[in-house]
2 protein chains.
Amino acid sequence: MEEPTIRDIREAAERIRSFIHRTPVLTCTALNDMCGAELFFKCENLQKVGAFKIRGATNAVFSLTDAEAANGVATHSSGNHAAALALAARLRGIKAYVVMPQNAPEIKRKAVEGYGGEITLCEPTLLAREEGLRAIVARSGAEVVHPYNDYRVIAGQGTAALELCEDIASLDVVIAPVGGGGLLSGTALTVAAVSPATRVIAAEPELADDAWRSLQAGRIIPLGHTETIADGLRTSLGDKTFPIIQKHVSQIVTVSEDEIIDATRKLWERMKLVVEPSGAVPLAAVLSGRLEVRGLRIGLILSGGNVDLDHLPWMR
Amino acid sequence: MEEPTIRDIREAAERIRSFIHRTPVLTCTALNDMCGAELFFKCENLQKVGAFKIRGATNAVFSLTDAEAANGVATHSSGNHAAALALAARLRGIKAYVVMPQNAPEIKRKAVEGYGGEITLCEPTLLAREEGLRAIVARSGAEVVHPYNDYRVIAGQGTAALELCEDIASLDVVIAPVGGGGLLSGTALTVAAVSPATRVIAAEPELADDAWRSLQAGRIIPLGHTETIADGLRTSLGDKTFPIIQKHVSQIVTVSEDEIIDATRKLWERMKLVVEPSGAVPLAAVLSGRLEVRGLRIGLILSGGNVDLDHLPWMR
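Residues numbered from 1 in each chain as written. Chains lettered and ligands numbered in written order. Predicted model: local features only at pLDDT ≥ 70, side-chain atom pairs only at ≥ 80, totals over all residues. Heavy atoms only, no water.

Q: Got a sec to walk through the domain arrangement of chain A? Specific residues and values, please.
A: Interfaces are frequently sized by the accessible area removed from exposure as the parts join. All names here are of chain A. Splitting chain A by domain gives domain 1 (6-51 + 151-315) and domain 2 (54-144). Each of domain 1 and domain 2 has a C-alpha centre, and these two points are 24 Å apart. Opposite the 23 residues of domain 1 that make contact, domain 2 presents 17 residues. Contact with domain 2 buries area across many residues of domain 1, yet F19, V49 and R152 alone supply 43% of it, more than any other trio. Two residues, R55 and E163, come together in a salt bridge whose shortest N-O distance is 3.0 Å. Put simply, domain 1 and domain 2 have 10 residue pairs in polar contact (both at pLDDT 80 or more) between them. Where the side of domain 1 that touches domain 2 is concerned, the elements lending two or more residues are α1 (6-16) and α8 (151-167). It is α8 that contributes the most residues to the side of domain 1 that touches domain 2, eight residues altogether. (Domains from an automatic or database assignment. Contact = heavy atoms within 4.5 Å. Buried area = accessible area lost by both parts, 1.4 Å probe. Salt bridge = Lys/Arg side-chain N within 4 Å of Asp/Glu carboxyl O. Polar contact = N/O pair within 3.5 Å; in protein donor to acceptor, adjacent residues only side chain to side chain. Helix = DSSP H or I, 4+ residues; strand = E, 2+ residues; numbered from the N terminus.)

Shown next, in the form of structure tokens:
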């Protein structure tokens, strides 16, 4: 598959429609008043498996021919993609193999197992994860579905912005968080095609500012170890996501840990939405003052809502 | 005004439409699987001021003639109704006087002040609150809007169920929590008119089971002191809400504190919704096993989402 076109993204939307939620777009007068803009929140925290990840995983799994699907799918992930792929595979009736580091949180393992995924534990290094995945693929013949560096996944993630643009006309800006860039690149492709006057801006933690650095440098600068609270964004860009971002994203805004925690809490308190810190990063960018937002109509993608309810971000 | 008809409720819906959110109806496969029913959650926790209360307050305030409205509105309340009335009054450009006990939480006072309401503090007894309200009315000539024992308020609260029945056809059951009975009686009137085959069931904390006792006794039995975690339901029925409930509510299910806390947590964890314990009481009833739900299509009203995020229900 080539870089997705808007036609691919529309086909993805059709393909996954019956398996996912059409999530609501919500507004909040109090948050509008705080920044002087009109904010439209695309609530992917209310999506199945609690994150947009089910869109890309489902599109990838249902894009496979029967022959390709016969041996199942495989990935290495410690996050929401693993659960999403396990659910998508179950929906198609095929196996999902997930390589996970031994230190992955119990709750993430349970989510994958709950959807019938088969977990192989490995040492908590990227090398061990990749070797674990290679071994499974060699043994099973499963099709690898990367969490973000995969055009089928990128096209699937772009369907969230497609729905947002269908529901809300004349947005001046759409802001998405950036980790590996799957959501951001899908969003950028979609918005460039269906609403070319709308700017796409990325929001990123200062403690994981590899996308910002990569855009400055004009090449992918991998992310080193980081403990940002936005744990969904602790990943480097891929060679498929980076060129799309270079071409279609107009700006990257970085935000501090305190700004992320504050934005997360505001979403819980004012909008009554459980959003994970990674999903609050776009609002943090809007509230940071680092972006000219006054008078604008701004779409924000609340990417996910998977948090440990016994350890809230503001209770650390 | 007489007991509201469905026409009054439809008029209320028109009257308040531009001031409130049309809240989404959300579903959750995981919760469906737990009880073997199809659950449809009407998300009034995502409503303005974080609760359905804005519906009744706005209907009452905008039902007033200009002459009636000229001197403002007044109520005594320590809860969501006070904030809702203050916001509704501000929307109409009139004053709102709120009598509140001295021990009301800071956060509730700030909410009322934030909407421009004028607070008078009093001793934390019902007698002191009623006397405080009488004094304000005598001085200002304000129109009293009771939190629930008021037909304009009841008609307004009924609009949540109207939207639910418009969005989801063929519900077998609608479950609402019951405190003073404003939401429940409005729901019951609406459902009886627009979907007569649908049963309306109330859910109530065991520690505040005055509605259950009242229905058994055939007369209003006031609620004594209670510390139920469902703090929105610590009120007795009124002489306007009770007869409607007697006539149109088929059953009341009581639930334990542990069941309420467990249901609250499930709504946060599985649906990513911040719901206050009072709003989780209907789900607690469904999950309790005390109700035959298997195979049914059930609407549940998530009544509100105002909780102290520093002291979560499961952290007490």
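Q: Give a detailed account of the confidence of the model for chain A, specifying residues and quantitative values.
A: Residue-level pLDDT values for chain A average 96, and 100% of them are 70 or greater. Among the prediction metrics, the complex's ipTM stands at 0.94, with pTM recorded as 0.96. (pLDDT = per-residue confidence, 0-100.)

Q: Help me get a handle on the interface of chain A and chain B, residues and values and all.
A: Of the residues lining the interface, 23 residues belong to chain A; the matching set on chain B comes to 23 residues. A combined buried area of about 1900 Å² lies between chain A and chain B, and 60% of that area is made up of carbon and sulfur atoms. Three residues, K272, V274 and L309 of chain A, lead the burial of chain A against chain B; their summed loss comes to 33% of the area buried on that side. Here chain A is connected to chain B by two salt bridges. In this structure, the salt-bridge partner of D310 of chain A is R265 of chain B, at a minimum N-O distance of 2.9 Å. Run the count over chain A and chain B and you get 12 residue pairs in polar contact (both at pLDDT 80 or more).

Q: Could you give an account of the pattern of salt bridges, with specific residues and numbers?
A: Residues and elements named next belong to chain A. Applying the stated criterion to the full structure yields 36 salt bridges over all chains. Between E38 and R297 there is a salt bridge, with its nearest N and O atoms 3.5 Å apart. Of this pair, E38 sits in strand β2 (residues 38-43) while R297 sits in strand β10 (residues 297-302), and the two are 259 residues apart along the sequence. Judged by its relative accessible area of 38%, E38 is partly exposed. Overall, R297 belongs to the partly exposed group, its relative accessible area being 24%. Within this structure, K42, E44, R55 and E163 form a network of salt bridges that share partners. (Buried < 20%, exposed > 50% of the residue type's maximum accessible area, 1.4 Å probe, protein only.)

Q: Explain the sheet that holds strand β3 (residues 73-76) of chain A residue by residue, including any values.
A: Residue and element names in this part refer to chain A. Sheet architecture is open: four strands sit in the order β5-β4-β3-β6, paired in parallel fashion. The two strands at the open ends of the sheet, each matched to only one other strand, are β5 (118-122) and β6 (143-144). Examined bridge by bridge, strand β4 (residues 96-101) and β5 share five bridges and lie parallel to one another. By the bridge assignment, M100 is partnered in β5 with L121. Against the sheet, helix α7 (residues 126-140) engages β3, β4, β5 and β6, with an angle of about 170 degrees to β3. (Pairing = 2+ DSSP bridges. Axes fitted to C-alpha atoms, helices over the stretch in contact; angles between N-to-C directions.)

Q: Lay out the relation of the copies chain A and chain B in plain terms, naming residues and giving numbers.
A: Taken as rigid bodies, chain A and chain B are interconverted by a rotation of 180 degrees and an axial shift of 0.0 Å, the fit giving an RMSD of 0.0 Å. In short, the pair behaves as if placed about a two-fold rotation axis. Closest approach to the rotation axis among the C-alpha atoms of chain A is made by L273 of chain A, whose C-alpha sits 2.5 Å away. A high fraction, 100%, of the interface residues of chain A reappear at the interface in chain B, so the copies pair face to face through one surface. (Least-squares fit on C-alpha atoms with pLDDT ≥ 70 in both.)

Q: Go over the state of the cysteines, please, and point to the residues and values.
A: In protein structure, a disulfide is the covalent linkage between the sulfur atoms of two cysteines. If you walk through the whole model with that rule in mind, you get zero disulfides over all chains. No disulfide involves C43 of chain A; its sulfur sits 10 Å from that of C43 of chain B, the nearest cysteine. We classify C43 of chain A as buried; its relative accessible area is 0%. (Disulfide = S-S within 2.5 Å.)

Q: Help me get a handle on the packing of helix α9 (residues 182-194) of chain A against helix α11 (residues 241-248) of chain A, residues and values and all.
A: Residue and element names in this part refer to chain A. Relative orientation of the contacting elements α9 and α11 amounts to 45 degrees, with a least axis distance of 9 Å. Regarding the angle of α9 to α11, the classification is oblique. With respect to the hand of their crossing, α9 and α11 are arranged in left-handed fashion. Where α9 approaches α11, its residues G182, L184, S185, A188, L189 and A192 are matched on the opposing element by T241, I244, I245 and H248. (Parallel < 35°, antiparallel > 145°, perpendicular 65-115°, else oblique. Left-handed = near helix turned anticlockwise from the far one by under 90°.)

Q: With reference to specific residues and values, describe the sheet that holds strand β5 (residues 118-122) of chain B.
A: Spatially, the four strands line up as an open sheet ordered β5-β4-β3-β6 (chain B), and their pairing is parallel. For this open sheet the edge positions go to β5 and β6 (143-144) of chain B, each flanked by a neighbour on one side alone.

Q: Got a sec to walk through the nonpolar core? Specific residues and values, please.
A: Core analysis: the biggest nonpolar cluster contains 86 residues, and W268 of chain A together with W268 of chain B have the highest contact counts within it. Among residues more than four places away in sequence, those in contact with W268 of chain A are L273, V274, V275, V307, L309, L312 and W314 of chain A together with W268, V274 and L309 of chain B. (Core = buried A, V, L, I, M, F, W, Y, C linked by side-chain atoms within 4.5 Å.)

Q: Describe the side chain of R152 of chain B, and please don't skip the residues or the numbers.
A: All names here are of chain B. As for its placement among the helices and strands, R152 is situated in helix α8 (residues 151-167). Of the residues examined, R152 reaches a relative accessible area of 16% and is grouped as buried. Among all residues touching R152, those that are not within four sequence positions of it are M1, G56, N59, A60, S63, L64, E143, V144 and V145.

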